[in-house]
Amino acid sequence: MATIVLEKIARDFYDGRQMRRVLYPTDLDLKPGELTIVSGPSGSGKTTLISIMGLVLKPSEGRLFLEGKEVTRLSDEKAARIRLEKYGFVFQQAMLIEGLTVMQNVLLSYAIQGGRVSAEQRRKAMEILRALGLEEAAGMQPQLLSGGMKQRASIARALVKDPAILLCDEPTSSLDAENGQVVMNILKRIAVEEKRIVVVVSHDARVFPFADRLIKMENGKISSDTREFYSETSETRESRT
Amino acid sequence: MAGDERSLLDLEAVTVDQLDLKKLGHPALDEVNEIGGQRVRVGAITKKVRGFQGTLVFASLDKVKEISRTPPGRYSAILVRFKDEVNKEAALEKLRAILPECSVFSRAELSRLTRNYYFSQTGIGSSFGFSTAMAVLIGVVIITLTMYTSVLGRVRDFAVMRAIGGRRVDIAVVVISQALIIAGIGVFAGFLMLSTFLRVTSSSSIPSYLPVYVPVILAAGTIIISLLGSLIALRVALKTEPAAVFR
C-alpha cells in the first residue's frame, strides 16, 4: 500500500538576486483512502509541495519516502520510471496534447516510453472514459471538448495506469461550479473507493467539503492540518528495522 | 538520329546534334554548307549528343583535319578503343612508354581530370560550390527555425510528457522523428521536382544527367541537414523540466 512521507522537506529557489526559501522544513505523511486538500494563498508553497511529492522537483533539504523507500535524490530516469508506474497527475489546465485524440491522450502513458499499446489497454482506457462520461468523445480532438470534458479526460489519462497516487493541481480552477463538483466527486470516489492517495492543491473553498484531510499553508509552512503527523519518522523506521 | 550513320564514312558528311541546330542556322539533312571554307554536307542529325561546352560537329578524321587545317601527322587527341581481351592497364603503360611526350589517360582518369579541371580551374566549381553551400545553409536555417518554433509551441506538451513518466530520450525521439518526417517530405518534394526537371529538360537545349548514386547522396544530405537543423530545438526540448506543468 503506497504511502508518502516527507521529513523536514524544504525548498529554496534562486530568484535572480538571492536564494529564497519557498518551502520551510515540512513533515507530512499521506496514506491511501483519503482525499487530502492542500490549500493556501498564492505563493504559500503548496505547488512546490505537490511538485516535490510528485518527484518532478527535488527538495533542497529533507527526505522523501515512497512506500518506505527513500526517493529524495533519484536520477531523472529513475524518477521518471516511478512517476510512470505509481503516479497520476491532473493539472490546472487539462494539458491534453493537441493533435492527439482524447483516446490517444489517455493512452499516452502506455506509449510514452516506447511501449506498444495493447488491445486490453485500449479496452481499459475506454472503460475509464465511459465511467467519466467521455465514451462519445474518445475519438475527438481535445479542442472540441468543453473545459469540464477536458479535465475529465485528463483525469482519465491520470487513471489509466492505475496509479497508487493521484496529484491534482487546482483541477477545478478553470471549471464552472457544476463541472467543479463533478470533478471533485470523481476524485473523492477514486480516493475512498479505490483506496488511492489523492492530493488536491486548491485555493477554492468550494472544494473543501470534499476533503478527508485539509492542510492549509501560509508563507511556505503548514499553518493548519486537520490530522496530525502520525506516521513513522525515519528514526522510528530505523528503530523498527 | 535522323539520316544514316554510314554517312559518317562519307568524306563530305558531318554530323550535328539537333540541340545545336539553332546555333548552326537550322541546316537541313543533306544540306550542303561550308565550315572553315570547306564544303560539307549534313549527313546525319543526332539526338542528345551534345558537348559540355560549345557546339560539336562530327566528321571523318580526314575531313576534320582538312577543316581545321592540321598539318599531316599532327593530332590534338587520339581516342583508342581496346578490344575486350586486352589488358587495359598494361596497354596504357605500353602507350606511355611509346609516347613519353604525350599524356595517356584511361577513360576514368580523363573523366576525373576533366571534372577536376572544370571544378577547380573554371568558375563552375566556385559558383556551384557556393550555390550548394548557400542551399545547405538556408536549409539548415529554415529547418532550425521551423523546428525551434515547433518545439517552443510544444514546450508544455513536453513538460506533460516528462511529468507523466517520459524520459529525456523519449522527448529526443519525438523531436528527431519530427526532423526525419520533415526530411522525408523534403526528399519526396525534392525528388518530385528533380524528376519533373529531368523530364522537362530531356528534350530541351539543357540536357541533364543524373547518376544513380546522386539521389542516395541527396537523400542522405537532406536527412543530415534536417538533423543538424533540429539540434537547437532538441536542446530546448530536452531542457524542459517536468515541474513546468505545475507553474
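Notes on the structure in this doc start here. (Residues numbered from 1 in each chain as written. Chains lettered and ligands numbered in written order. Predicted model: local features only at pLDDT ≥ 70, side-chain atom pairs only at ≥ 80, totals over all residues.)

Section: unusual backbone geometry
Reasoning step 1: We note that aspartate 162 of chain A has phi near 50°; this positive angle belongs to a residue other than glycine.
Reasoning step 2: Note that aspartate 162 of chain A resides in the loop between helix H6 (147-159) and strand E7 (165-169).
Reasoning step 3: The phi angle at histidine 26 of chain B is positive, at roughly 55°, despite the residue not being glycine.
Reasoning step 4: For histidine 26 of chain B, a count of 8 C-beta atoms within 10 Å gives the class exposed. (Helix = DSSP H or I, 4+ residues; strand = E, 2+ residues; numbered from the N terminus. Buried ≥ 20, exposed ≤ 12 C-beta atoms within 10 Å, placed from the backbone.)

Some remarks on the pairing of strand E2 (residues 13-17) of chain B
Working note: regular strand, side chains alternate between the two faces of the sheet.
Residue and element names in this part refer to chain B.
Reasoning step 1: Along E2, four of the five residues are buried, which leaves the element largely enclosed by surrounding structure.
Reasoning step 2: Examined bridge by bridge, E2 and strand E4 (residues 38-46) share five bridges and lie parallel to one another. Bridging across to E4, valine 16 finds its partner in isoleucine 45.
Reasoning step 3: Where E2 meets strand E5 (residues 58-59), two bridges bridge the pair, whose relative direction is antiparallel. Bridged to valine 14 within E5 is alanine 59. (Pairing = 2+ DSSP bridges.)

Thoughts on the packing of helix H6 (residues 168-201) of chain B against helix H7 (residues 213-229) of chain B
Residue and element names in this part refer to chain B.
Reasoning step 1: Interaxial distance between H6 and H7 falls to 9 Å at its minimum, and their mutual angle equals 145°. The handedness of the crossing between H6 and H7 is right-handed. For the pair H6 and H7, contact is made by Ala179, Leu180, Ile182, Ala183, Gly186, Val187, Gly190 and Phe191 and by Pro215, Leu218, Ala219, Thr222, Ile223, Ser226, Leu227 and Gly229, respectively.
Reasoning step 2: Tallied by class, the residues present in the contact of H6 with H7 amount to eleven nonpolar, five polar and no charged. (Axes fitted to C-alpha atoms, helices over the stretch in contact; angles between N-to-C directions. Left-handed = near helix turned anticlockwise from the far one by under 90°. Contact = placed C-beta atoms within 7 Å. Nonpolar A, V, L, I, M, F, W, Y, C, P; charged D, E, K, R; others polar.)

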